[in-house]
Amino acid sequence: MSDTGTRILAIANQKGGVGKTTTSINLGTALAAVGRRVLVVDFDAQGNASTGLGIMRADRRLTSYDVVVDRTPLDEAILTTLVPRLEIVPGDENLSGVETELAEDPRRSYRLREAIRDHVAKVAHDPDKRYDFILIDCPPSLSSLTINAMTAADALLVPLQCEFLALEGLSQLLRTVEVVRSGLNPQLDIQGVVLTMYDKRNNLSDQVADEVREVLGNKVYKTVIPRNVRLSEAPSFGKPALLYDYRCPGSEAYIRLASEMLQRERMRAAA
Ligand SMILES: Nc1ncnc2c1ncn2[C@@H]1O[C@H](COP(=O)(O)OP(=O)(O)OP(=O)(O)O)[C@@H](O)[C@H]1O
Ligand SMILES: [Mg+2]
């Protein structure tokens with residue numbers, strides 16, 4: 001996908017509440033803040049990425065559901081947000097019906113991929129519309145939605161919560177990646193793993209972080225996202241933490257994560 005300059009990342013982990021949406025919103029905002037054009041695709045029926053970016057339910061006229069079920073072109077569903085250069089395809093509860101609605105279609109897993117690739121091709125030569133990053137906020141499951149996201153993506157970014165048994169769920173996720181690679185998307189890569197909700201007062205956080213680094217090596221980002229109440233408050237104001245309080249430790253961590261990611265992406269492009 002690198003020839004179009006748009007990098008498509010699925011933010012995925014089938015475990016609930018590990019920081020996928022918080023990472024989609026705040027990493028997206030941090031990348032936009034340093035001049036990148038970013039699209040967040042809210043691919044979860046909870047619609048939390050949309051809410052956290054200030055998109056009211058009434059404004060979600062067309063969503064990622066319409067894109068994958070009715071083949072609505074992506075640009076008809078795209079909305080601007082209060083963050084310059086950060087746009088969103090919103091999500092809503094209709095997404096919970098995708099699994100059944102697409103059950104009969106043998107090419108159901110390619111729906112999001114086709115929609116994104118059509119759009120990327122259409123705007124490839126328009127610097128005002130071309131995205132540098134598309135971040136797909138996945139639901140907490142290995143459902144048809146997550147498979148669609150993995151099929152659409154160049155790579156996965158996996159938020160991993162610093163807690164007991166953090167690695168347990170990861171092996172299941174990696175097995176799914178292997179299945180997707182063996183058929184739907186042979187190119188799918190693991191872009192990185194980001195440790196979230198790190199609590200420096202809790203020894204367990206350090207133990208988990210060490211263990212994860214031992215197993216996954218340099219796939220794990222050096223930047224660790226601390227547990228920070230400001231990150232959890234921001235969505236109720238419909239704002240990314242970076243706008244709500246750009247100097248809180250959580251915002252600072254996402255700014256560092258964005259810069260580490262850009263560095264990683266430059267190295268990948270040069271390789
Ligand atoms: N670093 C953090 N510090 C404190 N709270 C956080 C942090 N990251 C996320 N949270 C809070 O934890 C909860 C779960 O986070 P989030 O919604 O990002 O996870 P998720 O993986 O997207 O969840 P789901 O699986 O339900 O989609 C939210 O209330 C969020 O505000
Ligand atoms: Mg979420």
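Small disclaimer: the values here were computed from a predicted structure and weren't measured. (Residues numbered from 1 in each chain as written. Chains lettered and ligands numbered in written order. Predicted model: local features only at pLDDT ≥ 70, side-chain atom pairs only at ≥ 80, totals over all residues.)

1. Examining helix α6 (residues 111-123)
Thinking step 1. Here α6 spans 19 Å end to end across 13 residues, near enough to the 18 Å set by a 1.5 Å rise per residue.
Thinking step 2. Within the span of α6, buried status applies to Arg111, Leu112, Arg113, Ala115, Ile116 and His119.
Thinking step 3. Along its buried surface, α6 packs onto β1 (7-11), α3 (64-69), α4 (74-77), β5 (133-137) and α7 (144-152). (Helix = DSSP H or I, 4+ residues; strand = E, 2+ residues; numbered from the N terminus. Expected span 1.5 Å × (residues − 1). Buried ≥ 20, exposed ≤ 12 C-beta atoms within 10 Å, placed from the backbone. Contact = placed C-beta atoms within 7 Å.)

2. Things to note about the pairing of strand β7 (residues 189-196)
Thinking step 1. The buried count for β7 comes to six of eight residues, which makes it a mostly enclosed element.
Thinking step 2. In terms of strand pairing, strand β6 (residues 155-161) meets β7 through seven bridges, oriented parallel. Bridge pairing in β7 places Leu157 opposite Gly192.
Thinking step 3. Once the chain exits β6 it traverses helix α8 (residues 166-181) before rejoining the sheet at β7, and the crossover so formed is right-handed. (Pairing = 2+ DSSP bridges. Right-handed = clockwise from strand over helix to strand, strands pointing away.)

3. What to know about the site of ligand 1
Thinking step 1. Of all residues adjacent to ligand 1, which total 20 residues, the nearest are Lys20, Thr21, Thr22, Pro140 and Ser232.
Thinking step 2. Among the elements of the structure, α1 (20-33) and α10 (229-233) are those that each provide at least two residues to the shell around ligand 1.
Thinking step 3. Sorting elements by how many residues they give to the shell around ligand 1 places α1 first, with three residues.
Thinking step 4. Split into classes, the residues belonging to the shell around ligand 1 amount to six nonpolar, 11 polar and three charged. (Near = placed C-beta within 6 Å. Nonpolar A, V, L, I, M, F, W, Y, C, P; charged D, E, K, R; others polar.)

4. Regarding the sheet that holds strand β4 (residues 86-89)
What holds strands together in a sheet is hydrogen bonding between their backbones, with the strands either parallel or antiparallel.
Thinking step 1. Strand order in the open sheet formed by seven strands is β3-β4-β2-β5-β1-β6-β7, with mixed pairing between adjacent strands. Looking at strand neighbours, the two that pair on one side only are β3 (79-80) and β7, the edges of this open sheet.

5. Details of unusual backbone geometry
Thinking step 1. Phi is positive for Arg85, which is not a glycine, with a value near 75°.
Thinking step 2. Of note, Arg85 is situated in the loop between β3 and β4.
Thinking step 3. Exposure remark for Arg85: the 19 C-beta atoms within 10 Å place this residue in the partly exposed category.
Thinking step 4. With a phi angle near 65°, Leu165 is a residue other than glycine that sits in the positive phi range.
Thinking step 5. In this structure, Leu165 sits in the loop between β6 and α8.
Thinking step 6. With 10 C-beta atoms packed within 10 Å, Leu165 lands in the exposed category.

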